[in-house]
Structure formats: C-alpha cells, structure tokens
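What the coordinates show
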Amino acid sequence: MLKFTAEHEWLKIDGDVATVGITTHAAEQLGDLVFVELPAVGTSFSKGGDAATVESVKAASDVYAPLDGECLETNQAIVDDPSLVNSDPQGAGWFFKMKLANKADADDLLDEAAYKELVG
C-alpha cells in the first residue's frame with residue numbers, strides 16, 4: 001500500500017512497517033541534494049515531528065515523520081550518495097523504515113490520486 005503526506009513524504013506500507021522517503025515532486029522542488037541526515041535506529045517518532053534533514057544547492061529542508069512509530073532501519077546509501085534521492089526518490093532513494101505505532105493511522109493519509117491532485 002502506497003500513501004502520501006501533504007508534506008511530500010511517501011510511505012510504502014507492508015504490515016506494520018513503512019518505508020519512508022520524499023516524493024518525486026519534493027525531490028524536483030529541492031534540486032540536487034548534497035547532504036542527507038537520517039535518524040538513528042531506535043528513534044521514536046511523533047507524527048509531524050522532524051525525522052530527517054536534506055540539503056540541496058537551493059535550500060535545507062526537514063523530512064517529517066508521517067506517523068507515530070520507531071525507526072527500524074536507515075538507508076546509508078543516500079547518506080553516502082545523496083544524488084540517489086534525485087535519481088530514484090520513490091525507489092532506491094528511500095530514507096528510513098519505521099515500525100508503525102498504529103497501522104490504522106495510515107488510513108488518514110493521501111492515496112496517490114489525492115496526492116497528485118494536491119501537487120497539481
């Protein structure tokens with residue numbers, strides 16, 4: 001199941017684990033990424049709280065926790081090579097995996113059609 005937030009994060013949900021990244025739209029708006037800071041494994045997230053930071057040639061931006069949960073794994077590849085986020089934001093450019101505190105909360109997020117309508 002693929003879900004999106006109004007803050008331009010995507011979630012691929014498998015059971016009670018979500019893989020999280022930024023959308024293609026967000027990556028395009030940011031431009032070429034030069035730095036990514038990811039959360040530590042074990043970090044607890046509150047929905048809407050800061051989860052990661054990205055810096056591009058244009059700006060720095062926070063990546064927010066889409067739901068409550070805990071960081072299970074991070075993608076070291078994007079720390080080593082931030083351009084992966086630009087080249088494949090909704091694939092190899094994922095940021096972290098999180099255990100969802102309440103999987104049902106994902107029902108309140110946007111589906112792909114609603115997200116596309118949001119970004120026009």
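Predicted model, so just to flag it, every value in this text is computed and none were measured. (Residues numbered from 1 in each chain as written. Predicted model: local features only at pLDDT ≥ 70, side-chain atom pairs only at ≥ 80, totals over all residues. Heavy atoms only, no water.)

On to the UniProt feature "domain: Lipoyl-binding" (unreviewed entry) in the protein chain. Summarizing the sequence annotation, UniProt attributes the feature "domain: Lipoyl-binding" (unreviewed entry) to residues 17-99 in the numbering used throughout. Between the C-alpha atoms that bound residues 17-99 there is a distance of 5 Å. The span itself is 20% helix and 42% strand. (UniProt positions renumbered as here; feature names shortened; annotations may be inferred. Helix = DSSP H or I, 4+ residues; strand = E, 2+ residues; numbered from the N terminus.)

With that settled, the discussion passes to a nonpolar patch on the surface. On the surface, V34, F35 and V57 cluster together to form a nonpolar patch covering roughly 270 Å² of accessible area. For F35, the position within the fold is in strand 4 (residues 33-37). (Patch = residues over 30% accessible without salt bridge, like charges linked within 9 Å, V, L, I, M, F, W, Y side chains within 5 Å. Areas by Shrake-Rupley, 256 points an atom, 1.4 Å probe, with all protein chains shown as cover. Salt bridge = Lys/Arg side-chain N within 4 Å of Asp/Glu carboxyl O.)

All right, on to the UniProt feature "modified residue: N6-lipoyllysine" (unreviewed entry) in the protein chain then. Under the local residue numbering, the UniProt record ascribes the feature "modified residue: N6-lipoyllysine" (unreviewed entry) to K58. Position of K58 among the secondary structure elements: in the loop between strand 6 (50-56) and strand 7 (60-64). Aside from chain neighbours lying at most four places away, what touches K58 is E28, Q29, L30 and G31. A polar atom in the side chain of K58 sits 3.4 Å from the backbone oxygen of Q29. (Contact = heavy atoms within 4.5 Å. Polar contact = N/O pair within 3.5 Å; in protein donor to acceptor, adjacent residues only side chain to side chain.)

Turning our attention to the sheet that holds strand 6. With antiparallel pairing, the 3 strands of this open sheet are ordered in space as 4-6-7. The outermost strands of the open sheet, each flanked by one partner alone, are strand 4 and strand 7. This sheet shows a mean twist of 25 degrees between the axes of neighbouring strands, independent of strand direction. Bridging between strand 4 and strand 6 involves 4 bridges; their strand directions are antiparallel. Along strand 6, the bridge assignment pairs V36 with V54. (Pairing = 2+ DSSP bridges. Axes fitted to C-alpha atoms, helices over the stretch in contact; angles between N-to-C directions.)

Moving on: the sheet that holds strand 8 (residues 69-74). Where strands meet in a sheet, backbone hydrogen bonds hold them as pairs that are either parallel or antiparallel. Pairing is antiparallel across the open sheet formed by 6 strands, whose spatial order is 1-2-3-9-8-5. Edge positions in the open sheet fall to strand 1 (2-4) and strand 5 (44-45), since each of these has one partner strand only. Sheet topology places strand 8 next to strand 9 (residues 96-100); 5 bridges connect them, and they run antiparallel. Each residue of the ladder has a partner; that of C71, found in strand 9, is M98.

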